[in-house]
Amino acid sequence: MQRVSKKKDLEKEIANLKKSGRIIGFVPTMGALHRGHLSLIKECKRKCDVSVVSIYVNPTQFNDKSDFRNYPRDTDTDITKLESVGGVDIVYTPISEELYPDESLLDFDLGYFDTVMEGANRRGHFKGVITVVDKLFSIVKPDFAFFGEKDYQQLAIIKHMSKALHKEIKIIPCPTLREDSGLAMSSRNELLSKEERAEAANIYQSLKLAVDNVASFNSIAEIKKDIISKIDSFKHLETEYFEIADKDSLKTTMSMDALTQSRAFIAVRCGKVRLIDNIPFK
Ligand code: AMP
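A brief structural summary. (Residues numbered from 1 in each chain as written. Predicted model: local features only at pLDDT ≥ 70, side-chain atom pairs only at ≥ 80, totals over all residues. Heavy atoms only, no water.)

### A few points about the overall build of the protein chain
Moving on, step 1. In terms of regular secondary structure, the protein chain is built from ten helices and nine strands.
Moving on, step 2. Taking 2.2 N^0.38 as the reference for a compact globule, 282 residues should give roughly 19 Å; the C-alpha atoms of the protein chain span a radius of gyration of 19 Å, in line with that estimate.
Moving on, step 3. Taking the principal axes of the C-alpha coordinates as reference, the protein chain spans close to 60 × 40 × 35 Å.
Moving on, step 4. Looking at the 282 residues of the protein chain, the share that counts as buried comes to 51%.
Moving on, step 5. Accessible surface for the protein chain amounts to roughly 13,700 Å². Of this, 50% is attributable to carbon and sulfur atoms.
Moving on, step 6. Each charge sign in the protein chain was given a centre, from 43 positive and 42 negative side chains, and these centres are 2 Å apart. (Helix = DSSP H or I, 4+ residues; strand = E, 2+ residues; numbered from the N terminus. Rg over C-alpha atoms; globule rule 2.2 N^0.38 Å. Buried < 20%, exposed > 50% of the residue type's maximum accessible area, 1.4 Å probe, protein only. Areas by Shrake-Rupley, 256 points an atom, 1.4 Å probe, with all protein chains shown as cover. Lys, Arg positive; Asp, Glu negative; His and termini not counted. Charge placed at Lys NZ, Arg CZ, Asp CG, Glu CD.)

Here it is in structure tokens:
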């Protein structure tokens, strides 16, 4: 595994690989790697000749400065985890000053996508995400880039941005990896107490309940009310939002007939930790 930090070095390496006609796959991460990340990396290795993983905690996507400061950073452990899946070709650990010579954010209108769910609840978050992804795409110039459905709204936004600014890159969605309890894997799960973690499994269980029992509800409003009250009945859980929205446009689903084209999305506070999840209707 080659570890590269200087932008110039990476660009040179990529130019050489491109010259020899190799297909380049890219998985951007913020480190603190877990099996969810590794599943994206495995898919990247399967599909591409060359796999590039970036590890960079992007300051512009944190609306809470202490969250940014406290984000786990341990590149050596991350590298050991990458080795456990047979390694990747290039680990890119960008230098902040090179990525952000100034503080300007990408001038790209996310429109409706940025006004709902995570966009509404974490102001400026997605602007930071597309800024760093645009910068990384311009440096790595991958043929394929892999993103998790765990962050479905992020995936939709990156598809939207790439369609306009990086048409040549194919965005590959990858399914959410879960713990045995059903809880979606996340670096934030490590911050939960044992009791909170056990309760957090109810987030997925409730989503599944909504999806599996559609026939027992009369309306979308009824589903929402039922799920929110179920989740909020747990000691450590508090729903921030529960939405049912179209899988492509993310527009709120209004009728039961449209459920087959929809996903259920949720954000829940579990103690001090904010968790998100989503699943499709069948
Ligand atoms: P992050 O390091 O949190 O920015 O995540 C890097 C990538 O891993 C993103 O595309 C995430 O959607 C993806 N990811 C995070 N958790 C999971 C998971 N449990 N299953 C699948 N992909 C995930």
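### Some thoughts on the packing of aromatic side chains
Moving on, step 1. Using the criterion set out here, one finds five aromatic pairs in the structure.
Moving on, step 2. Taking the centre distance of 6.3 Å and the plane angle of 70° together, the rings of Phe-26 and Phe-137 count as edge-to-face. Here Phe-137 lies in helix H7 (residues 125-140) and Phe-26 lies in strand E2 (residues 24-29), a separation of 111 residues in the sequence. Note on accessibility: Phe-26 and Phe-137 belong to one class, buried.
Moving on, step 3. Positioned over the ring face of Phe-68 is Arg-73, at 4.8 Å from the centre of the ring.
Moving on, step 4. Residue placement shows Lys-251 over the ring face of Tyr-112; its charged tip is 4.7 Å from the ring centre. (Phe/Tyr/Trp six-rings, centres within 6.5 Å; stacked < 30°, edge-to-face > 60°. Lys NZ or Arg CZ within 6 Å of the ring centre and 35° of its normal.)

### Observations regarding the pattern of salt bridges
Moving on, step 1. Taken as a whole and judged by the stated rule, the model has 16 salt bridges.
Moving on, step 2. The shortest N-O distance in the salt bridge between Lys-235 and Glu-195 comes to 3.4 Å. Of this pair, Lys-235 sits in the loop between helix H10 (220-232) and strand E7 (237-246) while Glu-195 sits in helix H9 (residues 194-212), and the two are 40 residues apart along the sequence.
Moving on, step 3. Of the residues examined, Lys-235 reaches a relative accessible area of 64% and is grouped as exposed.
Moving on, step 4. Among the charged side chains, a salt-bridge network with shared partners connects Glu-118, Glu-240, Arg-269 and Arg-274. (Salt bridge = Lys/Arg side-chain N within 4 Å of Asp/Glu carboxyl O.)

### Some details on the side chain of His-166
Moving on, step 1. Here His-166 shows up in the loop between helix H8 (152-165) and strand E6 (170-174).
Moving on, step 2. Judged by its relative accessible area of 6%, His-166 falls in the buried class.
Moving on, step 3. Within the local environment of His-166, its side chain forms a polar contact with the side chain of Asp-134, the two groups lying 2.6 Å apart.
Moving on, step 4. Ignoring sequence-local partners within four residues, the contact set of His-166 consists of Asp-134, Phe-137, Ser-138 and Met-161. (Polar contact = N/O pair within 3.5 Å; in protein donor to acceptor, adjacent residues only side chain to side chain. Contact = heavy atoms within 4.5 Å.)

### A few points about the environment of Leu-177
Moving on, step 1. Tracing the backbone shows Leu-177 in the loop between E6 and H9.
Moving on, step 2. Once the C-alpha coordinates of Leu-177 and Gly-36 are considered, the two residues, 141 residues apart in sequence, prove to be 5.1 Å apart.
Moving on, step 3. Setting aside residues no more than four positions away along its own chain, Leu-177 makes contact with Arg-35, Gly-36, Ser-39, Ala-184 and Met-185.

### Structural notes on the layout of surface pockets
Using a probe with the size of a water molecule, rolled over the atoms, empty space left in the structure can be pinpointed.
Moving on, step 1. The computed volume of the second largest pocket comes to approximately 190 Å³.
Moving on, step 2. Lining the second largest pocket, in full, are Tyr-56, Pro-59, Thr-60, Lys-65, Ser-96, Tyr-100, Asp-102, Glu-103 and Leu-105.
Moving on, step 3. Tallied by class, the residues present in the lining of the second largest pocket amount to four nonpolar, two polar and three charged. (1 Å grid on protein atoms, 1.4 Å probe; cavity = no way out; pocket = protein on both sides within 12 Å on 5 of 7 lines; lining within 4 Å. Points joined across faces, edges and corners; volume = space filled by probe spheres on them. Nonpolar A, V, L, I, M, F, W, Y, C, P; charged D, E, K, R; others polar.)

### A few points about the site of the ligand
Moving on, step 1. Taken together, the neighbourhood of the ligand is formed by 15 residues, with Met-30, Gly-148, Asp-151, Leu-177 and Met-185 sitting nearest.
Moving on, step 2. Note that an oxygen atom of the ligand is positioned 2.9 Å from one of the backbone N or O atoms of Met-30.
Moving on, step 3. In the environment of the ligand, an oxygen atom lies 2.6 Å from a nitrogen or oxygen atom belonging to the side chain of Asp-151.
Moving on, step 4. Listed by contribution, the elements that provide at least two residues to the shell around the ligand are E2, helix H2 (35-47) and strand E5 (144-148).
Moving on, step 5. Across the shell around the ligand, the residue classes tally to seven nonpolar, six polar and two charged. (Near = heavy atom within 4 Å.)

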